[in-house]
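# Fold and contact review
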Amino acid sequence: MPEGKGRYDVPSWDRRLVAAGVRDRGLRADYTTAARVFARRILAHYAAVRLLVAPALHPHVVAAYAFLARTDDLADQGPLQERLPRWDSWAHQVTAGLESGHADDPVLRAFLHTVAVRRLPHHWVHTYLKATTEELHFTGHATEADFQRYVDNLALPALMLIEDLQYEGGGDEVFRSRCRSFAEGLQRLDFLTDLTDDLTEGRLYLPQEDLDRFGVTRADLELGQDTAGVAELVALTCRRTRKSLTDSRALLDSTSPGFRPLQRALLDLAEHQLSRVEGSGTSVTRQAVGYGIRVPLAVLFRERRRLRAGTAADA
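Residues numbered from 1 in each chain as written. Predicted model: local features only at pLDDT ≥ 70, side-chain atom pairs only at ≥ 80, totals over all residues. Heavy atoms only, no water.

Time to look at the packing of helix α4 (residues 58-76) against helix α6 (residues 106-117). α6 packs onto α4 with a crossing angle of 130° between their chain directions and a minimal axis gap of 9 Å. Viewed along their axes, α4 and α6 adopt a mutual orientation that is oblique. Taken as a pair, α4 and α6 cross one another with a handedness that is left-handed. Along its contact with α4, which presents P59, H60, A63, A64, A66, F67 and R70, the element α6 presents V107, L108, A110, F111, T114 and V117. Class assignment of the residues belonging to the contact of α4 with α6 gives a composition of ten nonpolar, two polar and one charged. (Axes fitted to C-alpha atoms, helices over the stretch in contact; angles between N-to-C directions. Helix = DSSP H or I, 4+ residues; strand = E, 2+ residues; numbered from the N terminus. Parallel < 35°, antiparallel > 145°, perpendicular 65-115°, else oblique. Left-handed = near helix turned anticlockwise from the far one by under 90°. Contact = heavy atoms within 4.5 Å. Nonpolar A, V, L, I, M, F, W, Y, C, P; charged D, E, K, R; others polar.)

Okay, here's the thing in structure tokens:
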């Protein structure tokens, strides 16, 4: 089928910009820059968004992902003494941009336009920036309650910068609560899959009270110890993650048709990655756990087939 023809084809980037109402030449260039940033940073996610999100939503989702990627890089890369002034400058630009609608950075300009057009609630951006500022000095979660606050203040707002784009002005309370389950599941999964990298960088996100419960020390994790305590700690975190992701399935009922294929793929891939973690056991302390290749491709192709068959609004 020729590009640009049919209901569920993969239209060109220009046509997607038109579908999203982005017609100004300068603004189109900003969105194109955002797309490049997103693709360079998270190519697999970019491919999924490119193939599965409705054209009218696609540039806006790209802008949000690019903004999150740019923000995350500024907050995480380099020594702390270099990051702090750089982060303060960025946070000020974002805050000022929300008020004025203007910015010097092209990624930020595209995101601000998306915020305005989709009427994204500003409180998600402010909460996310505040929590990221605090994250620069993160020392660890003492308790499960600390982790839950982390989800509310950082993980959920970051997710909502993407999820809330489905609905102009944001979704309702039921939608938000279901997104909250997904945010918690994704965050717990991230703690497990990135455990080795986080430990190398001097960070440990698993609550200290969980380590204490099973008699596990930080050194046990840093040394990749294969002990009963470490196995129990990983298993507990996996069970909690599985419950959150299972609860997140209800999110599909609150997802707009144009976003549902991507939502379904993200849920399936998270559960798949968790299964890989469960199969890895204590080795997650010694090596990061990814998605693999076969299953992600199968999920992507399945959703594309459903789109072509015109069944994306089902299920």
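The rest of the description comes next.
This paragraph deals with the packing of helix α14 (residues 260-280) against helix α15 (residues 294-308). Angle between the axes and distance between the axes are the two parameters that describe a pair of packed helices. Remark: α14 packs on α15, axes separated minimally by 10 Å, with the N-to-C direction vectors making an angle of 160°. By the criterion of interaxial angle, the relationship of α14 to α15 is roughly antiparallel. The way α14 lies across α15 gives a crossing that is right-handed. The segment α14 lies against α15, with P261, R264, A265, D268, L269 and H272 engaging V295, P296, V299, R302, E303, R306 and L307. Residues that form the contact of α14 with α15 fall into these classes: seven nonpolar, one polar and five charged.

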